[in-house]
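# Close look at the chain arrangement
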Amino acid sequence: MPAPQKRPAYEPAARLLKPPRYDPGMARPTATVAGVVLILLRVLAGVIVLVSIAAGWDALLSDPDSVLEGFDPTPEGRQAALWLVIATGGTVLLIDLALAFFVFQGFNWARVFVMFISVLSISTSFTAWWAQGQEITIATTYVSLSIDILLLLALSSRSAAAYARRNERR
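Cut-offs applied
Residues numbered from 1 in each chain as written. Predicted model: local features only at pLDDT ≥ 70, side-chain atom pairs only at ≥ 80, totals over all residues. Heavy atoms only, no water. pLDDT = per-residue confidence, 0-100. Helix = DSSP H or I, 4+ residues; strand = E, 2+ residues; numbered from the N terminus. Contact = heavy atoms within 4.5 Å. Axes fitted to C-alpha atoms, helices over the stretch in contact; angles between N-to-C directions. Parallel < 35°, antiparallel > 145°, perpendicular 65-115°, else oblique. Nonpolar A, V, L, I, M, F, W, Y, C, P; charged D, E, K, R; others polar. Phe/Tyr/Trp six-rings, centres within 6.5 Å; stacked < 30°, edge-to-face > 60°. Buried < 20%, exposed > 50% of the residue type's maximum accessible area, 1.4 Å probe, protein only. 1 Å grid on protein atoms, 1.4 Å probe; cavity = no way out; pocket = protein on both sides within 12 Å on 5 of 7 lines; lining within 4 Å. Points joined across faces, edges and corners; volume = space filled by probe spheres on them. Left-handed = near helix turned anticlockwise from the far one by under 90°. Expected span 1.5 Å × (residues − 1).

The predicted model of the protein has a mean per-residue pLDDT of 84, with 83% of residues at 70 or higher. Confidence scores differ between elements of the protein, with helix 1 (residues 13–16) showing the lowest mean pLDDT of 70 and helix 2 (residues 30–55) the highest of 93.

Set out below in structure tokens:
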């Protein structure tokens, strides 16, 4: 068995831009599976955040800096606001779960959309750190930021892109 070839440090642009070959029978690469696992971890982290929001809702609203605009300050209004937050977050998580399924199946649009959302999330974290001085800690944005970076690395790999575009005829 010959030793694997080491890739050169510099690759010509023509080689990098060469489209993947048509191969409908291509096996699902590890990078795609890793990307799907990272999406599922992001969903799990979102569920944990929603549960913690629901558990600490009253403490969150009793904070003098929090403002609940557009809702009644009565207990019924506070409950309606909580349900709106949970429903919105749950919808986003369901969409993320559907995207994980589509990425696993090899749909290129889903892979690109997930990478776009990750770029937006990373950019938002950077902007909050740069402009507002928000610290990046394990308790706040470190976990989601690291998942998004790893997700970009996995889904932007050559093998994940080739798998997602394996059915395209050139």
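What follows concerns the side chain of aspartate 148. On the secondary structure map, aspartate 148 appears in helix 6 (residues 138–155). Dropping the residues within four chain positions of it, aspartate 148 is found in contact with Arg42, Ser118, Ser121 and Ile122.

The next point concerns the packing of helix 2 against helix 4 (residues 75–105). Packed helices, taken two at a time, are described by the angle their axes make and the gap between the axes. Running from amino to carboxyl end, helix 2 crosses helix 4 at an angle of 170°, the nearest separation of the two axes being 9 Å. By the angle between their directions, the pair helix 2 and helix 4 is classed as roughly antiparallel. Residue-level contacts link Thr32, Val33, Val36, Ile39, Leu40, Arg42, Val43, Gly46, Val47, Leu50, Ile53 and Ala54 of helix 2 to Leu82, Val85, Ile86, Gly89, Gly90, Leu93, Asp96, Leu97, Ala100, Val103 and Phe104 of helix 4. Its residues placed into classes, the contact of helix 2 with helix 4 shows 17 nonpolar, 4 polar and 2 charged.

Here the focus is the packing of aromatic side chains. Enumeration according to the criterion identifies 7 aromatic pairs in this entry. Note on phenylalanine 107 and tryptophan 109: the rings are 6.4 Å apart at their centroids and 55° apart in plane angle, and the pair reads as tilted. Look at phenylalanine 107 and you get partly exposed, because its relative accessible area is 38%. An angle of 40° between the planes, with centres 5.7 Å apart, marks the rings of phenylalanine 126 and tryptophan 129 as tilted. Residue phenylalanine 126 and its partner tryptophan 129 are both found in helix 5 (residues 108–132); the two are separated by 3 residues, about one turn of the helix. The partly exposed category is assigned to phenylalanine 126, whose relative accessible area is 45%. By the ring-pair criterion, three or more aromatic residues cluster together here, those being Phe101, Phe102, Phe107 and Trp109.

This next bit is on the layout of surface pockets. If you add up the space inside the largest pocket, you get close to 840 Å³. Considering the residues around the largest pocket, the lining is formed by 30 residues, among which Arg42, Ala45, Gly46, Val49 and Ser144 are closest to the centre. Going through the elements one at a time, helix 2, helix 4, helix 5 and helix 6 are the ones with two or more residues in the lining of the largest pocket. When residues of the lining of the largest pocket are assigned to their parent elements, the largest contribution, 10 residues, is made by helix 2. Residues of the lining of the largest pocket, tallied by class, amount to 18 nonpolar, 9 polar and 3 charged.

Packing of helix 4 against helix 5 leaves a shortest axis separation of 7 Å and a crossing angle of 130°. One way to sum up the angle between helix 4 and helix 5 is to call them oblique. Of the two elements, helix 4 crosses helix 5, and the hand of that crossing is left-handed. The residues of helix 5 that touch helix 4, namely those facing Leu99, Phe102 and Val103, are Trp109, Ala110, Arg111, Phe113 and Val114. Residues of the contact of helix 4 with helix 5, tallied by class, amount to 7 nonpolar, no polar and 1 charged.

Our focus in this paragraph is helix 4. Here helix 4 contains 31 residues, and its C-alpha end-to-end distance of 45 Å stays within 8% of the 45 Å for a straight helix at 1.5 Å per residue. Those residues of helix 4 not exposed but buried are Gly77, Ala81, Leu82, Gly89, Leu93, Asp96, Leu99, Ala100 and Val103. Following helix 4 by one or two positions, glycine 106 has its phi on the positive side, about 100°.

Within the secondary structure layout, threonine 30 lies in helix 2. Owing to a relative accessible area of 69%, threonine 30 belongs among the exposed residues under this scheme. Sequence separation between threonine 30 and alanine 160 is 130 residues, and the spatial gap between their C-alpha atoms is 8.1 Å.

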